[in-house]
Structure formats: structure tokens, C-alpha cells
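What follows is each chain in one-letter form.
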Amino acid sequence: MANPSPGNSITLRVEAPSSFSATSELAAAVGAAGAAITALDVTESHHETLVVDVTCNTTDDAHAGRVKDALNALEGVTVQHVSDRTFLMHLGGKLEVVPKVPLRNRDDLSRAYTPGVARVCLAIAEDPAAARNLTVKRNTVAVVTDGSAVLGLGNIGPAAALPVMEGKAALFKQFANVDAWPVCLDTQDTEEIIRTVKLLAPVFGGVNLEDIAAPRCFEIEARLREELDIPVFHDDQHGTAIVTLAALVNALRVVGKDIADVKIVVSGVGAAGSAIIQLLKAQGARHIVAAGRSGAIHNGESYNDPHRTWIAENTNQEGFSGSLHDALVGADVFIGVSAPNILGEEHVASMAKDAIVFAMANPTPEVDPAIASRHAAVVATGRSDFPNQINNVLAFPGLFRGLLDVGASDITPEMLVAAAEAIAKRVNDNELNASYIIPSIFDPHVTADVAAAVAAAAHASNVATAADPAKDPEPALASV
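Residues numbered from 1 in each chain as written. Predicted model: local features only at pLDDT ≥ 70, side-chain atom pairs only at ≥ 80, totals over all residues. Heavy atoms only, no water.

Where an unreviewed UniProt entry is consulted, the protein appears under the name Malate dehydrogenase, with the organism given as Pseudarthrobacter enclensis. Quoted verbatim from the Sequence similarities (unreviewed entry) field of the UniProt record, the comment on the protein reads "Belongs to the malic enzymes family." (UniProt positions renumbered as here; feature names shortened; annotations may be inferred.)

Now the structure itself:
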């Protein structure tokens, strides 16, 4: 089911005869090889030859090789060079540090650095809380990983995880003007990670844990939330849960069902699955069956994992003990955060009328969305090349924007639900349909709506400590 994607975009520099039909022949060859051409630019022109940059989307490296071979097979055509556009984007990294204040002369230098900076240091020493107003802490988030569970790639280590964390930091800045920085730790020891993040915490106003394998991620988050006075958020858990709930709220609107009444089957009881179940229950879901590799989690079984034990005690009240496939019979909703291709068409067909299928395993979903759509009323995935992409970028930038704006010290379930409801409300009644249950990640209002909802919930939960800096641009002046 792999389709050509911008994530596998290449540019081929091609020398071709300077005939009238040269460029159309190049385009035809690329199309025949199954790639999606996106640009065709003549970079050099001579009496006998043209040099053409052919840009196209492919499915993987092997497909790119086939496109190159198809062009080389044309008479008089030579592929001089192939550039991978994704690797080009990452050359030298995707982040930089840029001063917010000009340093034009001695006057500027004396205030930004020595001797003037000493007065600011002493003010913070006298009142440590002033650091939030007088330093980068006010708007800075640490994106922390140990590289143990990176995307769908597994335990590839901290250096290999860095491009993902850079990308995450870039999204923070692009969508919420939050200054985030990758912190890739060369340890997978739980205690070392906790200690290191605590040592780094004075610099940051929040911590975003990312791509840390379960079950260690649960303890790391719980301990840091208990021992730090800044919000700690594991995006693989709660970011996924927020956007999943937002999408489900609107999918249920499409099919006219209530979350309290529907039977929901969740495949995958790791970090994301556990958080999704907790948030569904917070929203009023009453009939949830969760399934791991060995089948449904139920109270008649003993589990060494405390998170599975919690799921057994708080879901599946009927004590169903069968397989995932058996659990799906008559179910209204399937939510998959597990493994590719574990469902067939017959399993979706066995679900209730107007079923909802969220197949979110990436890059290959639990079931082919095109097949699922033959029987389900609403289908969503984690992919960008199908409708209804459930993408965490809808949640985490606005969430942290709201947390930082009010100086929140913690994150509560009410704040997560508020974020989900804010995302869901971005799709109005006139827009809502089976192929549009979740707003675009480029909707300019999503981040602001989520931030406002989270800030309001933080105040209601009594975890907010500061005024909105947008309304109070220089709060430090009153306290120093």
C-alpha cells in the first residue's frame, strides 16, 4: 500500500538530447516507473543537449533506483546525479540559535553581558522564581530521548534519534513559537535519565519526553512529574491520546453515536494505548476492551506490568478473554496503536454498523485504509497520504504554549481533555464529514485554541502560577 511520498523525494540531474519532446519523454518515463513527478527544470541548454533537473516522489530507495534506471534506458539520456531531497534538508541540522536582542555596540554588550548581567544574576539568586521572567526558561522546552523507541525504527540510539528530535523542536517553533532543544541522552538507565533531566531542569520551562521505550517511559514520566516543578509530558502517550480523542469525538458526531454507549476495542497496550484508554475514560467511555499480543486484557489474569493491571481493573467489565479478532465482533470503534496488517477485511466487516476504524500503526497501519473503508463509516490513520491523519503536532505545540504562558507546574487530565476538545471544535458542523474529522495541522487557529483551553484548565486546576506574557510583556519589572 506504499505510495510515492515527499519523504522519499529525489532530484535527478539528467543530460538529454535538445529535442522538442525531450522533457515530455523524461516525464513519461518517470511516470511509467511509478513515481510522482513534482518538478521538471531545465538548468542548462546547449545546441545538442539539455541538462534537466527532474524532481519526483518515490516510495523507497529501491524505487528511486528504478526511476534512475528508467531514465538511463532512454536513448541519448544520462543520469548525472541523484540527490535525496530529505537528506539535503538535514545537512547541517535543522536548528540554530539566534539572539533576540541586538548586540551593536558597547552599550548593548554591557547590558546583555558583563557588567550589567551580574545585577540580573543577583536578582535571580535572591528570588529563583524570577528566572522564568528573566531567562530563556520562560519559553524553552527540553525534547528528551534515549533513542530506545524512535518512530517505527526501534532502539537506534541517541545519535540516530537526533534528526527526529530536531524536527520536533522545529515544529515547536514553527507552530507555537516555543524554543525547544533536543536533549539526546547516551544512557537507557532509568535512574540516570531521571537524574540527568533533573540536573538540566533549571534551564527549561517544560520537558517533552520522546521515543523512550515502555515500560521505562512510564516510570520516568511519573518520577519527573513528582520531583520537578515544571510540566513533564510524554508525547508518545498523551499527545497521541489527545489527538485520538479529538478525532473520535468528531467521528462519533458523524455516525451519531455517544462515547458512553459505544464498544471500543484498543489494540496495543504500550505507552500510547494506555494513555488513550485513560483519556477515553476521562471523557466518559464505559465499554473498552484492550488487547495485547496474547489477546484481551481482563481481570481474570495476573499481570506483572502495573499498567496492564490498571487496564484489567478499569476496562473490560464483562471479563472477555478472547482474541483481538473476536473482540472486534459487534464493536463500534477500533483504535490501533500496535502493529501492521493485523486485521483483514473480514474483521472490519464483523464490526457494528457505522463502525469507526483508527488504524494508527506507522508507517503501515493495522489494516489497509482502502479495505477498511469498504465496511467502516469513518477511517483514520497516522499517515499523511490518507484522509483523517491523527498527528500529534495538532496537540503538543499548543499544549506547551498554554503551559508556558501561565507558568504551569503540572499537567492534569482536565488539561488533556480540554486540548482534545479544542482540536475537535476546529471542525465545524458545515465542514464535518467522514473524510474530515480532524483539522489540518496547518490550520492557523489550532495552536492558539489549544493553548487557550489548556491555560484555562491550568487555572481551574490551580497549577498556573504566572500571568499571560502576551498581556504582561515585562512582568519581571514588578518583582525585581
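Read on, since the account is not over.
As for the overall build of the protein
Of regular secondary structure, the protein possesses 19 helices and 14 strands. Taking 2.2 N^0.38 as the reference for a compact globule, 480 residues should give roughly 23 Å; the C-alpha atoms of the protein span a radius of gyration of 26 Å, in line with that estimate. For the C-alpha atoms alone, the extent of the protein along its principal axes is close to 75 × 75 × 45 Å. When each of the 480 residues of the protein is scored for burial, the buried share is 46%. (Helix = DSSP H or I, 4+ residues; strand = E, 2+ residues; numbered from the N terminus. Rg over C-alpha atoms; globule rule 2.2 N^0.38 Å. Buried < 20%, exposed > 50% of the residue type's maximum accessible area, 1.4 Å probe, protein only.)

Things to note about the sheet that holds strand 7 (residues 206–209)
Sheet architecture is open: four strands sit in the order 6-5-7-8, paired in parallel fashion. Each having just a single partner strand, strand 6 (179–184) and strand 8 (232–234) make up the two edges of the open sheet. For this sheet, the mean angle separating the axes of adjacent strands, direction not counted, is 25 degrees. Examined bridge by bridge, strand 7 and strand 8 share three bridges and lie parallel to one another. Paired with Asn208 across the strands is Phe233, a residue of strand 8. (Pairing = 2+ DSSP bridges. Axes fitted to C-alpha atoms, helices over the stretch in contact; angles between N-to-C directions.)

Some details on the UniProt feature "active site" (unreviewed entry) in the protein
Under the feature "active site" (unreviewed entry), the UniProt entry names Tyr113 and Lys168. The greatest C-alpha distance among the residues just named is 30.5 Å, and with 56 residues of sequence between them they are spread in space as well. Structurally, the position occupied by Tyr113 is in the loop between helix 4 (106–112) and helix 5 (117–126). Overall, the relative accessible area of 54% leaves Tyr113 in the exposed class. Relative to the elements of secondary structure, Lys168 occurs in helix 7 (residues 158–176). Setting aside chain neighbours within four positions, we find Lys168 in contact with Val143, Asn208, Glu210, Asp235 and Phe396. (Contact = heavy atoms within 4.5 Å.)

Thoughts on the sheet that holds strand 13 (residues 356–359)
Pairing is mixed across the open sheet formed by six strands, whose spatial order is 11-10-9-12-13-14. Two strands lie at the open edges of the sheet, namely strand 11 (295–296) and strand 14 (378–381), each paired on one side alone. Sheet topology note: the strand 10 (residues 287–292)/strand 11 ladder contains two bridges and is antiparallel. Within the sheet, the bridge partner assigned to Gly292 lies in strand 11 and is Gly295. Along the sheet face, helix 10 (residues 235–255) touches strand 9 (263–267), strand 12 (333–336), strand 13 and strand 14 and points at about 155 degrees away from the line of strand 13.

Remarks on a nonpolar patch on the surface
There is a patch of nonpolar side chains on the surface, built from Leu151, Leu153 and Ile156 and spanning about 300 Å² of accessible area. Within the secondary structure layout, Leu151 lies in the loop between strand 5 (140–145) and helix 7. (Patch = residues over 30% accessible without salt bridge, like charges linked within 9 Å, V, L, I, M, F, W, Y side chains within 5 Å. Areas by Shrake-Rupley, 256 points an atom, 1.4 Å probe, with all protein chains shown as cover. Salt bridge = Lys/Arg side-chain N within 4 Å of Asp/Glu carboxyl O.)

Overview of the pattern of salt bridges
Evaluated as defined, the whole model comprises 24 salt bridges. Lys173 is the partner of Asp179 in a salt bridge, and the nearest nitrogen-oxygen pair spans 2.8 Å. The class of Lys173 is partly exposed, set by a relative accessible area of 40%. For Glu221, the salt bridge goes to Arg225, with nearest N and O atoms at 4.0 Å. Of this pair, Glu221 and Arg225 both sit in helix 9 (residues 216–227), separated by four residues, roughly a single helical turn. With relative accessibility at 26%, the residue Arg225 sits in the partly exposed group. The structure contains a network of salt bridges with shared partners spanning Glu191, Lys198, Glu219, Arg223 and Glu227.

Some points on the side chain of Ser274
In this fold, Ser274 is placed in helix 11 (residues 271–282). Judged by relative accessible area, which is 2%, Ser274 ranks as buried. Those residues in contact with Ser274, other than ones at most four positions away along the chain, are Phe218, Val269, His307 and Ile311.

Quick look at the state of the cysteines
Per the counting criterion, the structure on display carries zero disulfides. Among the cysteines around Cys184, which has no disulfide bond, Cys217 carries the closest sulfur, lying 17 Å off. Given the relative accessible area of 26%, Cys184 is considered partly exposed. (Disulfide = S-S within 2.5 Å.)

With respect to the UniProt feature "domain: ACT" (unreviewed entry) in the protein
Taking the numbering used here, the UniProt-annotated feature "domain: ACT" (unreviewed entry) corresponds to residues 11–85. Secondary structure content for residues 11–85 is 32% helix and 45% strand, and the end C-alpha separation is 7 Å.

Quick look at the environment of Ile342
Locating Ile342 in the fold gives a position in the loop between strand 12 and helix 14 (345–349). A relative accessible area of 26% means that Ile342 is categorised as partly exposed. Sequence separation between Ile342 and Glu366 is 24 residues; the distance between their C-alpha atoms is 5.2 Å. If we ignore the near neighbours within four places in the chain, the residues touching Ile342 are Ser267, Leu324, His325, His347 and Glu366.

A word on unusual backbone geometry
A cis amide bond, omega 10 degrees, links Thr114 with the succeeding residue Pro115. Secondary-structure assignment places Pro115 in the loop between helix 4 and helix 5. Here the residue pair Ala214 and Pro215 is connected by a cis peptide bond, since its omega of 5 degrees sits within 30 degrees of zero. Residue position: Pro215 is located in the loop between strand 7 and helix 9. Even without being a glycine, Asn177 presents a positive backbone phi close to 55 degrees. Mapped onto the secondary structure, Asn177 falls in the loop between helix 7 and strand 6. The phi angle at Asn388 is positive, at roughly 60 degrees, despite the residue not being glycine. Positionally, Asn388 belongs in the loop between strand 14 and helix 16 (396–405). Residue class for Asn388 comes out buried when judged on its relative accessible area of 6%.

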